[in-house]
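Below are the chains, spelled out letter by letter.
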Amino acid sequence: MSGSEKLHDVTIEVNGVRKTIAVEARKLLVHLIREDLGLTGTHVGCDTSQCGACTVEIDGRAVKSCTLLAVMADGASITTIEGLAGPGTELSPIQAAFHEHHALQCGFCTPGMVMSVRQLLKDQPDPSEHEIRHALAGNICRCTGYHNIVRAVESLTSKGDQP
Amino acid sequence: MIPAAFDYVRASSLAQVIDLLHDDPDGTKLVAGGHTLLPALKLRLASPALLIDIGSLTELKGIEISETSIKIGALTTHTELLASELLSKELPVFSQAASLIADPQVRNRGTIGGSLANADPAADWPAVVVALQAEIEIAGTNGLRRVAAKDFFVDIFSTVLEPNEILASIHIPQPKAGMRFIYRKIRHPASGFAVVGIAVGVRLQQGVVADISIGVTGAASHAFAGQQAADFLTGRTLSRQNIDQAAKLLSETTECLSDRYASAEYRANLIRIETTRALLALSS
């Protein structure tokens, strides 16, 4: 890498904290989040925008941070998995439902899954099983077979209120 | 994967973009959602000297509906097309087609203008805009020009866009009352792209086809209009026999792509089947 590569100032709000960081134009947003900010809950899975492990929320919408340049996020407000519950605090309802329903095994895909579910429940507070599966089409899990993930999300809908 | 180094500018006006493109048309790339370009940069299939981020150009955003036409800004995302109630009321085919594109995260970033300008032979919007008889508005140093969607796509990843031009918007003439559109696709199981996608618009008058237009994607090197099949059905009823004949015509008039997933023969057969299904759905 050339030592003289031009740097661009990126100002972003991450989990409510505003920061300005100088980055190379080619730096991926996920690398800024993990390496510059140390927020390693956002994972890099496939690095090809297929698996969704790197899903974060930008200006209220779930996106795959491996397929965005950090400079493109300048001025944006970002929520990562760390923004949902900090160390020693109570889990967010989605995280608690995943825990309760054993919706993870290795846990690698979980942060991305949780961020996608957050988007789904904002758009459709009471999704059907089909809608849940359709909404998670951009997140791949190689352990659970998805069944318990869907059950966890269902527990947060009107279906979950039934005995 | 890390892209090769490039310089980056966030554009603040369309005029600025056109100036920058004029300076170095071959070394410059435009980025909006970035969901096609970023993977290409990471694989180093593309190594521009300059990347112009057009993502904040408000003049390329939004949906405007008038009595005579519908204008869709190039930067309108798939999610916005999926969720627009105003657009769904006029042309539900937009939300129907958008829901078949990729996944929610990708739809949140990907734009219709990017999809059309990139001209992936398996992209969905090309078939839809061809069937809608849309015009593509292009901005360049000489101002604006419009090209019929059916003439916009030239070859694999190739359109009539010159290196110093930018796709600005899509203009759709208000369809005649009673015109109904449908988009059907066979999804590639891994990529989600269209192995074959068929968009059809039909207006029936006393059971006879008064207007019809067909757009096809996925099958050939670029999206195209199924003119021969449309001409055949005009003035005829949508009987099963006529539908079968039109679908056969369409599948035979095309030189299909062949790849590891689908042979040319298989794609031709999918054209026949999906055209039949689309026309049957519009016949009732």
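Keep in mind the model is a prediction, meaning the values are calculated, not measured. (Residues numbered from 1 in each chain as written. Chains lettered and ligands numbered in written order. Predicted model: local features only at pLDDT ≥ 70, side-chain atom pairs only at ≥ 80, totals over all residues.)

Asker: Got a sec to walk through the domain arrangement of chain A? Specific residues and values, please.
Answerer: Interfaces are often sized by the accessible area lost when the parts come together. Residues and elements named next belong to chain A. Assigned domains of chain A: these are domain 1 (7–83) and domain 2 (93–161). A separation of 22 Å is found between the C-alpha centroids of domain 1 and domain 2. Taken together, the 15 residues of domain 1 in the interface contact 12 residues of domain 2. For the side of domain 1 that touches domain 2, the secondary-structure elements that each account for two or more residues are β3 (55–58) and β4 (61–64). If you tally residues by element for the side of domain 1 that touches domain 2, the top one is β3, at 3 residues. By residue class, the composition of the side of domain 1 that touches domain 2 is 6 nonpolar, 7 polar and 2 charged. (Domains from an automatic or database assignment. Contact = placed C-beta atoms within 7 Å. Helix = DSSP H or I, 4+ residues; strand = E, 2+ residues; numbered from the N terminus. Nonpolar A, V, L, I, M, F, W, Y, C, P; charged D, E, K, R; others polar.)

Asker: An account of the sheet that holds strand β1 (residues 7–14) of chain A is requested, with residue identities and associated values reported.
Answerer: Residue and element names in this part refer to chain A. The mixed open sheet is built from 5 strands, whose spatial order is β2-β1-β5-β3-β4. In this open sheet, the two edge strands, each paired with only one partner strand, are β2 (17–24) and β4. Each adjacent strand pair in this sheet contributes to an overall mean axis angle of 40°, direction not counted. (Pairing = 2+ DSSP bridges. Axes fitted to C-alpha atoms, helices over the stretch in contact; angles between N-to-C directions.)

Asker: Account for the environment of Phe232(B), with residues named and values stated.
Answerer: Tracing the backbone through its elements, the reader meets Phe232(B) in helix α10 (residues 227–233). Residues within four places of Phe232(B) in sequence aside, it is in contact with Gln245(B), Ala246(B) and Leu249(B).

Asker: I'd like to hear about the pairing of strand β6 (residues 135–140) of chain B, residue by residue, with values.
Answerer: Residues and elements named next belong to chain B. Here β6 pairs with strand β7 (residues 143–148) via 6 bridges, running antiparallel. In the sheet register, Gly140 faces β7, and the bridge partner there is Gly143. Between β6 and β7, which follow one another and run antiparallel, lie 2 residues. As defined by bridge partners, β6 adjoins strand β10 (residues 166–173) across 5 bridges and the pair is classed as antiparallel.

Asker: If you had to explain the sheet that holds β7(B) to someone new, which residues and values would you point to?
Answerer: Residues and elements named next belong to chain B. Within the open sheet, the 5 strands sit side by side as β4-β5-β10-β6-β7. Their pairing is antiparallel. Here the strands that pair on one side only, and so sit at the sheet edges, are β4 (63–65) and β7. For this sheet, the mean angle separating the axes of adjacent strands, direction not counted, is 20°. Strand direction decides the pairing type here: strand β5 (residues 69–73) and β10, joined by 5 bridges, are antiparallel. Its bridge partner lying in β10, Lys71 is registered against His171.

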